[in-house]
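# Observations on chain architecture
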Amino acid sequence: MKIPVIAILDVGKTNKKLFLLDEAYGIVLEESRTLPETKDEDGDPCEDLGLLNAYGASFVHIGGDGKPLTPLYNYLKPFPTKIKKHFYDQYGGEMTFSMLTASPVLDSLNSGMQVYRLKCEKPEIFGKIKYSLHLPQYISWFLTGKACSDITSIGCHTNLWNFSQDYYHEWVYREGIIDKLPPIQSSGTVNPALTDKYDFLSAGCLAGIGLHDSSAAMIPYLESFREPFVLISTGTWCISMNPFNQEPLTIAELQNDCLCYLTFKGRPMKSSRLFAGFEHEQQLKKLAIYFQINDDAYHSVAYDPEMVSGLKTKNDLPVFDGPASPVGASPFAQRDLSQFTSFEEAYHRLMMDIMDQQLNSTKLILSDGVKRIFVDGGFSGNSVYMHLLAAAFPSMEVFAASISKASAVGAAMAIHEHWNDQPLPGDIIELKYFGQ
């Protein structure tokens, strides 16, 4: 008996993953690979498209013969200061431009700037471009031969989208970038795959157009919960996302690393970023050396409310002016480790310092009516983080959410009607409540 399945390619900067999901959204196959990098013409590391044949914050530029014209540039590639200054001087300055496009200035991570740079530095190559595709749409084009743009990729800190007008920013037209961008299609669009070209595809196979990973990961939550909520997706970055807040970004929010994404239905989703996972990792290395323990010893640390109360009265640092900034390192880097009697005590202090930042980061994107906070990713399994978060937001219901491979499941849900005859499952997200 044949079982209908959907294949999802989840292509990140570090790992490239393939999932097969059944009709109940259970994972029946998972494979992961780390592919070696190559270098671009400037000697900077980049993806090898020949091996990849995808993370979403970079473009693939295709010529009239269907072949890529450039390497897949790394979104961490340094951006030329002269080109950057000329661009923002021409289009209203960094702050005004950022408010319109709902993103901080992030250089190459603003993927539209990669196209602009190509036009400035290599106009002969720019002139040959037929399509500039974000990586998810390149994979879709590779499988179907159909070129399209996707709203979740365009709306994710690209500098391409004017959120106040709900369409492309004027610079996209003035600079001729619009001629390289294929038409926008709905995130639920599918196209027939080139089954006669690829023998690994079965007859009748369809392919979606691809989504940005953060927007895809939000889909299971939007499909499962109707009351307003905030999702904190935790990993290297802790990103607080509020799909019920469509207010324009303020200058203060932009200065504190806020931005907007677009949901798979094209609605703005105000978000804030905190480099908490990275900070957690760096400070753990110091603690491991000082207390002569393994880096992963924190997994066995249980939340201790009495220890937290004691640490609140322990004044081993100068008083800080104002709330903890959600930008930059946590105050823990300044602390004297000799003040702590144990690793457990020091770890609780580290998490308290991170939580002070998390509180101020998440507060930036809250809106009226939000009564629930869901946490997924690495910190959702950290009892110290979760209890401190519940204490930081006493008026909220705080839940650790567990959904296996949220981005992959969300991408499958976006095209559910095209591959699945069953209703969407109602119990796909497991919740654990953390209260006072």
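Scroll up to find the structure this text is about.
Residues numbered from 1 in each chain as written. Predicted model: local features only at pLDDT ≥ 70, side-chain atom pairs only at ≥ 80, totals over all residues. Heavy atoms only, no water.

### Points about the overall build of the chain
Summing up its helical and strand segments, the chain has 16 helices and 20 strands in all. Taken over the C-alpha trace, the chain has a radius of gyration of 23 Å; the compact-globule value for 436 residues is 22 Å, and the two agree within 12%. The buried share of the chain, reckoned over its 436 residues, is 51%. For the chain, the accessible surface area stands at approximately 20100 Å², while carbon and sulfur atoms represent 51% of it. (Helix = DSSP H or I, 4+ residues; strand = E, 2+ residues; numbered from the N terminus. Rg over C-alpha atoms; globule rule 2.2 N^0.38 Å. Buried < 20%, exposed > 50% of the residue type's maximum accessible area, 1.4 Å probe, protein only. Areas by Shrake-Rupley, 256 points an atom, 1.4 Å probe, with all protein chains shown as cover.)

### Things to note about unusual backbone geometry
A positive phi is found at His-157, a non-glycine position, where the angle reads about 40°. As for its placement among the helices and strands, His-157 is situated in the loop between helix 7 (151-154) and strand 9 (161-162). When its relative accessible area of 8% is taken as the criterion, His-157 is described as buried.

### Re helix 4 (residues 112-121)
When you tally the buried positions in helix 4, you get 7 out of 10 residues, the bulk of the element. Considering only its buried residues, helix 4 is in contact with strand 6 (59-63), helix 2 (81-90), helix 5 (123-128), strand 7 (129-134) and helix 8 (170-174). (Contact = heavy atoms within 4.5 Å.)

### Section: a nonpolar patch on the surface
Taken together, the side chains of Val-5, Val-28 and Leu-29 make up a nonpolar region of the molecular surface, amounting to roughly 210 Å² of accessible area. Inspection of the secondary structure puts Val-28 in strand 3 (residues 27-33). For Val-28, a relative accessible area of 49% translates into the label partly exposed. (Patch = residues over 30% accessible without salt bridge, like charges linked within 9 Å, V, L, I, M, F, W, Y side chains within 5 Å. Salt bridge = Lys/Arg side-chain N within 4 Å of Asp/Glu carboxyl O.)

### Focus on the sheet that holds strand 3
Taken in spatial order, the 3 strands of this open sheet run 1-2-3, and their pairing is antiparallel. Each edge of the sheet is formed by a strand with only one pairing partner; in this case those strands are strand 1 (6-11) and strand 3. Averaged over all pairs of adjacent strands, the angle between strand axes in this sheet comes to 15°, irrespective of strand direction. Bridging between strand 2 (residues 16-21) and strand 3 involves 6 bridges; their strand directions are antiparallel. When the bridges of strand 3 are listed, Lys-17 appears paired with Ser-32. Running over the sheet, helix 15 (residues 406-414) touches strand 1 and strand 2 and is turned about 130° from strand 1. (Pairing = 2+ DSSP bridges. Axes fitted to C-alpha atoms, helices over the stretch in contact; angles between N-to-C directions.)

### Let's talk about the pattern of salt bridges
In total, this model carries 14 salt bridges according to the counting rule given. Asp-42 serves as the salt-bridge partner of Lys-77, at 2.9 Å between the closest nitrogen and oxygen. Classification of Lys-77 by relative accessible area gives buried; the value is 6%. The residue Glu-397 makes a salt bridge to Arg-372 at a minimum N-O spacing of 3.2 Å. Here Arg-372 lies in strand 18 (residues 372-377) and Glu-397 lies in strand 19 (residues 397-402), a separation of 25 residues in the sequence. For Glu-397, a relative accessible area of 36% puts it in the partly exposed group.

### Looking at the side chain of Asp-150
In this structure, Asp-150 sits in strand 8 (residues 149-150). Within the buried core, Asp-150 has no salt-bridge partner, and the shortest N-O distance to an opposite charge, that of Lys-265, equals 14 Å. Among the polar contacts made by the side chain of Asp-150, one reaches the side chain of Thr-152 at a distance of 2.4 Å. With near-sequence residues (within four places) excluded, Asp-150 lies in contact with Gln-137, Gln-185, Ser-187, Ile-209, Gly-210, Leu-211 and His-212. (Lys, Arg positive; Asp, Glu negative; His and termini not counted. Polar contact = N/O pair within 3.5 Å; in protein donor to acceptor, adjacent residues only side chain to side chain.)

### Topic: the sheet that holds strand 20 (residues 430-434)
Strands sit in the order 16-17-15-14-18-19-20 across an open sheet of 7 strands; the sheet is mixed. Unpaired on one side and paired on the other, strand 16 (258-262) and strand 20 mark the two borders of the sheet. Going across the sheet, the axis of each strand differs from the next one's by a mean of 25°, ignoring polarity. Examined bridge by bridge, strand 14 (residues 229-234) and strand 18 share 6 bridges and lie parallel to one another. Within the sheet, the bridge partner assigned to Thr-234 lies in strand 18 and is Gly-377. Of the strands in this sheet, strand 14, strand 15 (238-242) and strand 17 (268-274) touch helix 13 (residues 343-363), which is tilted by about 160° from strand 17. Running over the sheet, helix 14 (residues 383-392) touches strand 14, strand 18, strand 19 and strand 20 and is turned about 150° from strand 19.

### Overview of the packing of aromatic side chains
Enumeration according to the criterion identifies 32 aromatic pairs in this entry. A ring pair is formed by Trp-161 and Tyr-168, whose centres lie 5.4 Å apart and whose planes are at 70°; its orientation type is edge-to-face. Trp-161 gets classed as buried once you look at its relative accessible area, which sits at 5%. Overall, Tyr-168 belongs to the buried group, its relative accessible area being 4%. Seen from their ring centres, Phe-229 and Phe-244 are 5.2 Å apart, and the 75° between their planes marks the pair as edge-to-face. With Phe-229 in strand 14 and Phe-244 in the loop between strand 15 and helix 10 (251-255), this residue pair connects regions lying 15 residues apart in the sequence. The exposure class assigned to Phe-229 is buried, which follows from its relative accessible area of 0%. Members of the aromatic cluster, joined through ring pairs, are Tyr-221, Phe-225, Phe-229, Phe-244, Phe-374, Phe-399 and Tyr-433. Positioned above the aromatic ring of Phe-79, the side-chain terminus of Arg-117 is 5.8 Å from the ring centre. It is Arg-273 that lies over the ring of Trp-237; its NZ or CZ is 4.1 Å from the centre. (Phe/Tyr/Trp six-rings, centres within 6.5 Å; stacked < 30°, edge-to-face > 60°. Lys NZ or Arg CZ within 6 Å of the ring centre and 35° of its normal.)

### Observations concerning the environment of Met-351
Relative to the assigned elements, Met-351 resides in helix 13. Separated by 43 residues in the primary sequence, Met-351 and Val-308 have C-alpha atoms spaced 9.9 Å apart. Excluding anything up to four places from it in sequence, Met-351 contacts His-280, Phe-379, Asn-382, Val-384, Tyr-385 and Leu-388.

### Let's talk about helix 6 (residues 135-144)
Most of helix 6 is tucked away, with 10 of its 10 residues classed as buried. Immediately beyond the C-terminal end of helix 6, within one or two residues, lies Gly-145, with a positive phi of roughly 75°.

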